[in-house]
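Descriptive analysis of the structure
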Amino acid sequence: MPKRLLLGASSALFASSSALLSMATTNARAETIELPTFDVVATTPLGGGEIDVSKVPGAVWQAGSQDIQTFNDTTITETLARQAPGVTVGNVSGNDFQPDVSYRGFDATPVTGRAEGLAVYQNGVRINEAFGDTVNWDLIPANAIDKMTIVAGNPIFGLNALGGALNVTMKNGFSWQGFEADLRGGSFGRAQAALQFGKQVGDYSVYMAFEQINDGGWRVDGSSQITRFYGDVGYSANGLETHLNLTASNNAFGASASTPIQLLQNDWSSVYTVPQTTDNQLAMIAWTGAYAYSNTLSFQGGLYFRSFNQQHVDGNSTNVTPCPPYSCLNGNPVHDTLGQIVPDISQNGAVDLGEIDRFWTQSRSVGGNAQAVDTDKLFGHGNTLTVGGSLDYGWTNFYGNSELGTVGYTNNSFPVIGSGYLLDAPDSYLAPVSVNATNTYVGLYALDTFNATDTLTLTAGARLNYAAIDLQDQNGGLINGYSTYAHVNPVVGLTYKITPDINFYAGYATSNRAPTPLELGCADPNHPCIIDNFLSSDPHLQQVVGQTIEAGFRGQHALSEYGKLQWSAGLFRTTLANDILPLQSPANGFGYYANVGTTLRQGAELSAQWSADRWTAYANYTYIDAVYLSTFMEPSPFNPAANAAGLIPITNGTPIAGIPKNTLKVGFDFNVTDKWKIGADMVAASSQTIFGNENGALPQVPGYAVFGAHTSYQVSKQLQVYGLVQNIFNQHYETYGGLFDTGALPHAAPFLTDPRSLGPATQFAIYGGLKYTM
């Protein structure tokens, strides 16, 4: 695949590159770099109804496997963070392999407790997890990705597509043949190996990819072990193409979460309470098929089974207090799961108490989708009609408990040492939880793209989403309930070709997301839960409904000897009714979910990519104005300006936390010779509001600009050596901020007086590798 076109690095980047150009030997043969061929885009998760990008009434961004290889990205999120317009990547979990991705202010994250507003698909299978709609990016093998597409404002992608959808297509033996071995090592004890093999034999194909990553981590207790596999067997003949594929992962993380700002100022690698670990295991088998019945009628379908297990261990402060000779909660002795009163383990109040919260999630999901695509002319004009449906059924067993412990200080962290007492405090967040949840999602959709004239294309369609969620408390508690939600989401739009190279687009769409089983089980302010852990009760939540309007221009131009240029410029506006957000409780690290009224995310996107003889470059800028349109009192008990009840005012125009107003991305690649390539990139973002600090009582998370560089040298046709540097100037910056209880550890951490807790980003890192292909 040709290399990705890029535009517009900063003048400093271009100046340094020009100097290298002048150093290149005059007789070196230049390798021409061209734009990737992304002329069409899939308008549904299954594909099959692809239309020309210029006929899509909304923003589209696409990248291929070459983009990942150019920058030697280890994860899909690294590519999104570096190149995709409107995307920011944060580090709420504290581990670089478990980032949270935000597009236009809508999240797709592995961290429960964040509102999930993006739908993510892999080969037509929705991979938002059944229990919390979370997206575990670590489970996707990066070297097996063939193409990824972000589509804005398209409700055909189903639930959670409030901000848009990310559609990931994996490689197969028809699209990729050969063998590649990639070995890499570098900072923080990184050692990784990636293999892939693809082959076509007649009508059959086979493809396999494997990745193994061991990383010591740059933060205390931040090591990671990643094992990922993807395999595909395919058959294609007589209009039929079918594939059976397997995705499997077994990953373990030290996830340190955010850290009090005073600890970071002393040591950038420090953490707060530990342990903080997460283990993920995945096995997903999927079948896809496509059949061309005629030149104008085709059918696509798919089936899947997904098994996901997660174990999470979370050291925290606790609301349990010493009342010698016992341990108490709210002044009353607390019991353990054996019915015994828990004794005082604090040495008569001389040692801080904490708790180790553990939970286990076992989710299984099955489903399928099918559609028909008719491209026959309508009234003598080109037309593409897609009609289809989907069914997803998931069942989850969720179990959690809390072990009382003591908190000390060692190695720039505050470890919680367990006592063996598993707490059982009925009608509180410390009661063990065992819940069975089922969720059934049904979707029916139709989409039509009609070429009214040679220059005008009209689009209209709709999708019906139905969700049924059932919670059953296995301990006889409050977490019981059955909720159903339904909504019809229309989409209309048009594109107009102003010139052969420039077109205008405009569209309107509605979308919705139903509350997840996790949100429904943690929606009572009187019974808060660990926002990434326990459930407590089941009040009703309303579904979130979004309305999106966007319009813009895009074009592509052949500039003769000056190369090729692609660009786009657009405006967007999305309002959400009954938005669901996590709210904080007085218990440190605990909270609950609630409908908070109407929110708005609106802004502008500018993007350009350019390629010439030896150069490629890209630049994009996004402005997002994300605010509340409702008035209410937000619980923020650790905010210094909160009232006596621990509340702060949210009014019309108050900024939504965690969303930078401005992001800028630039980068370039340059062929010094036909064998040696160099490149650099920059990602910059403005400040963002700290969660719980929407009133601005404290300084917010500051903005940042971080630079990277990469190079490769082709030793022979088969062998390449490469290197890359991340955060060249070792910029200390944060991508997340929240508030915590500074008085939670009066003995171990009496010096903590600033309630800001921030998510630090990666330090300077350098890696090198060898890549062998044949």
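Cut-off values and rules
Residues numbered from 1 in each chain as written. Predicted model: local features only at pLDDT ≥ 70, side-chain atom pairs only at ≥ 80, totals over all residues. Heavy atoms only, no water. Helix = DSSP H or I, 4+ residues; strand = E, 2+ residues; numbered from the N terminus. Buried < 20%, exposed > 50% of the residue type's maximum accessible area, 1.4 Å probe, protein only. Contact = heavy atoms within 4.5 Å. Areas by Shrake-Rupley, 256 points an atom, 1.4 Å probe, with all protein chains shown as cover. Lys, Arg positive; Asp, Glu negative; His and termini not counted. Charge placed at Lys NZ, Arg CZ, Asp CG, Glu CD. Core = buried A, V, L, I, M, F, W, Y, C linked by side-chain atoms within 4.5 Å. 1 Å grid on protein atoms, 1.4 Å probe; cavity = no way out; pocket = protein on both sides within 12 Å on 5 of 7 lines; lining within 4 Å. Points joined across faces, edges and corners; volume = space filled by probe spheres on them. Phe/Tyr/Trp six-rings, centres within 6.5 Å; stacked < 30°, edge-to-face > 60°. Lys NZ or Arg CZ within 6 Å of the ring centre and 35° of its normal. Salt bridge = Lys/Arg side-chain N within 4 Å of Asp/Glu carboxyl O. Patch = residues over 30% accessible without salt bridge, like charges linked within 9 Å, V, L, I, M, F, W, Y side chains within 5 Å. Pairing = 2+ DSSP bridges. Disulfide = S-S within 2.5 Å. Polar contact = N/O pair within 3.5 Å; in protein donor to acceptor, adjacent residues only side chain to side chain.

1. Some words on the overall build of the protein
On a plain count of helices and strands, the protein comes out with 5 helices and 46 strands. Taken along the three principal axes of its C-alpha coordinates, the protein extends 85 × 60 × 50 Å. Classification of the 774 residues of the protein by burial places 60% in the buried group. Taking contacts inside the protein between residues at least 6 apart in sequence as the whole, the part at least 24 apart equals 69%. Within the structure as shown, the protein displays about 27900 Å² of accessible surface, and the carbon and sulfur contribution to it stands at 58%. Separation between the mean location of the 34 positive side-chain charges and that of the 61 negative ones in the protein comes to 11 Å.

2. As for the nonpolar core
Counting residues in each nonpolar core, the largest one holds 75 residues, and the members touching the most others are Ile 76, Leu 80, Trp 137, Met 148, Ile 150 and Leu 166. Among the elements that take part in this core, strand β27 (residues 433-451) stands out by supplying 4 residues, more than any other. Those residues in contact with Ile 150 that lie beyond four places of it in its chain are Ala 59, Val 60, Trp 61, Leu 80, Ala 84, Val 87, Tyr 103, Ala 165 and Leu 166. Core analysis: the second largest hydrophobic core is formed by 12 residues, Val 407, Phe 414, Ala 744 and Leu 752 among them.

3. Side note on empty space enclosed by the protein
Tallying each qualifying case throughout the model produces 14 cavities of 30 Å³ or more. What the second largest cavity holds in volume is close to 900 Å³. Residue lining of the second largest cavity: 49 residues in total, with Glu 78, Asp 96, Gln 726, Tyr 733 and Thr 762 positioned closest to the centre. Those elements giving two or more residues to the lining of the second largest cavity turn out to be α3 (76-83), β4 (87-90), β40 (662-671), β41 (676-685), β42 (704-714) and β43 (719-726). The leading source of residues in the lining of the second largest cavity is β42, at 6 residues.

4. Things to note about the packing of aromatic side chains
Throughout the structure, instances matching the rule amount to 19 aromatic pairs. Seen from their ring centres, Tyr 204 and Tyr 235 are 5.0 Å apart, and the 50° between their planes marks the pair as tilted. Of the two residues, Tyr 204 is situated in strand β13 (residues 204-215) and Tyr 235 in strand β14 (residues 224-237); the sequence distance between them amounts to 31 residues. For Tyr 235, a relative accessible area of 25% translates into the label partly exposed. Ring geometry for Tyr 409 against Phe 414: centres 4.9 Å apart, planes inclined by 50°, an arrangement best described as tilted. On the basis of relative accessible area, Tyr 409 is assigned to the partly exposed category, the value being 48%. A relative accessible area of 0% places Phe 414 in the buried class. One aromatic cluster in this structure is built from Tyr 272, Tyr 409, Phe 414 and Phe 740. Sitting above the plane of the Trp 218 ring, Arg 219 keeps its charged end 5.9 Å from the centroid. When the ring centre of Tyr 722 is taken as origin, the NZ or CZ atom of Lys 771, which lies over that ring, is 5.5 Å away.

5. Remarks on the pattern of salt bridges
Evaluated as defined, the whole model comprises 12 salt bridges. Glu 605 is the salt-bridge partner of Arg 104, the closest N and O atoms lying 3.1 Å from each other. You can see Arg 104 sitting in the loop between β5 (100-103) and β6 (106-108) and its partner Glu 605 sitting in strand β36 (residues 599-611), a full 501 residues away along the chain. Classification of Arg 104 as buried rests on a relative accessible area of 4%. Glu 605 sits in the buried class, given a relative accessible area of 9%. For Arg 306, the salt bridge identified is with Glu 129, shortest N-O distance 2.8 Å.

6. Remarks on α3
The buried fraction of α3 is high, at 7 of 8 residues. For α3, the complete set of buried residues consists of Ile 76, Thr 77, Thr 79, Leu 80, Ala 81, Arg 82 and Gln 83.

7. Description of a nonpolar patch on the surface
A cluster of nonpolar side chains, contributed by Val 233, Leu 244, Leu 246, Ile 285, Trp 287, Leu 303, Phe 305, Tyr 393 and Trp 395, occupies part of the molecular surface with about 780 Å² of accessible area. Put simply, the parts of the chain that give the nonpolar patch at least two residues each are β15 (240-254), β18 (276-292), β19 (297-317) and β25 (383-407). With respect to the element layout, Leu 303 can be found in strand β19.

8. Digging into the sheet that holds strand β20 (residues 321-323)
Read across the sheet, 3 strands follow the order β20-β21-β22 without closing on themselves; strand pairing throughout is antiparallel. Two strands bound the open sheet, and with one partner strand each, they are β20 and β22 (332-333). As defined by bridge partners, β20 adjoins strand β21 (residues 326-329) across 3 bridges and the pair is classed as antiparallel. Residue Thr 321 lies in a different strand from β21, and its bridge partner there is Cys 328.

9. Re the state of the cysteines
As enumerated under the stated definition, the model contains 1 disulfide in all. Shown here is the disulfide that connects Cys 323 with Cys 328, its sulfur atoms set 1.7 Å apart. Taking the torsion about the sulfur-sulfur bond, which here is approximately 70°, the covalent link between Cys 323 and Cys 328 counts as right-handed. Overall, the relative accessible area of 24% leaves Cys 323 in the partly exposed class.

10. So, the sheet that holds strand β45 (residues 756-760)
The sheet built from 3 strands is open, its strands ordered β16-β45-β44 with antiparallel pairing. Edge positions in the sheet fall to β16 (259-260) and β44 (734-739), since each of these pairs with one other strand and no more. By the bridge criterion, 2 bridges tie β16 to β45 in an arrangement that is antiparallel. If you follow Pro 260 over to β45, its bridge partner there is Ser 757.

11. Describing the side chain of Gln 543
Within the secondary structure layout, Gln 543 lies in the loop between β31 (529-530) and β32 (544-558). Owing to a relative accessible area of 13%, Gln 543 belongs among the buried residues under this scheme. From its side chain, Gln 543 meets the backbone oxygen of Ala 486 in a polar contact 3.0 Å long. At 2.9 Å, the side chain of Gln 543 forms a polar contact with the side chain of Asn 512.

12. Quick word on unusual backbone geometry
Negative phi values dominate among residues other than glycine, just as trans dominates among peptide bonds. For the peptide bond that leads from Val 274 to Pro 275, omega is 10°, which places it in the cis range. Residues Pro 324 and Pro 325 are joined by a peptide bond in cis, for which omega reads 10°. Inspection of the secondary structure puts Pro 325 in the loop between β20 and β21. At Asn 730, a residue that is not glycine, the phi angle is positive and equals roughly 50°. The residue Asn 730 is located in the loop between β43 and β44 in this model. Take Asn 730: its relative accessible area is 33%, and that puts it in the partly exposed class.

13. A closer look at the pairing of strand β26 (residues 414-424)
Relative to β26, strand β17 (residues 273-274) runs parallel, the two being bridged by 2 bridges. Paired with Thr 273 across the bridge in β26 is Phe 414. The sheet contact formed by strand β23 (residues 335-336) and β26 spans 2 bridges and is antiparallel. Residue pairing for β26: Asp 336 is matched across the bridge by Leu 423.

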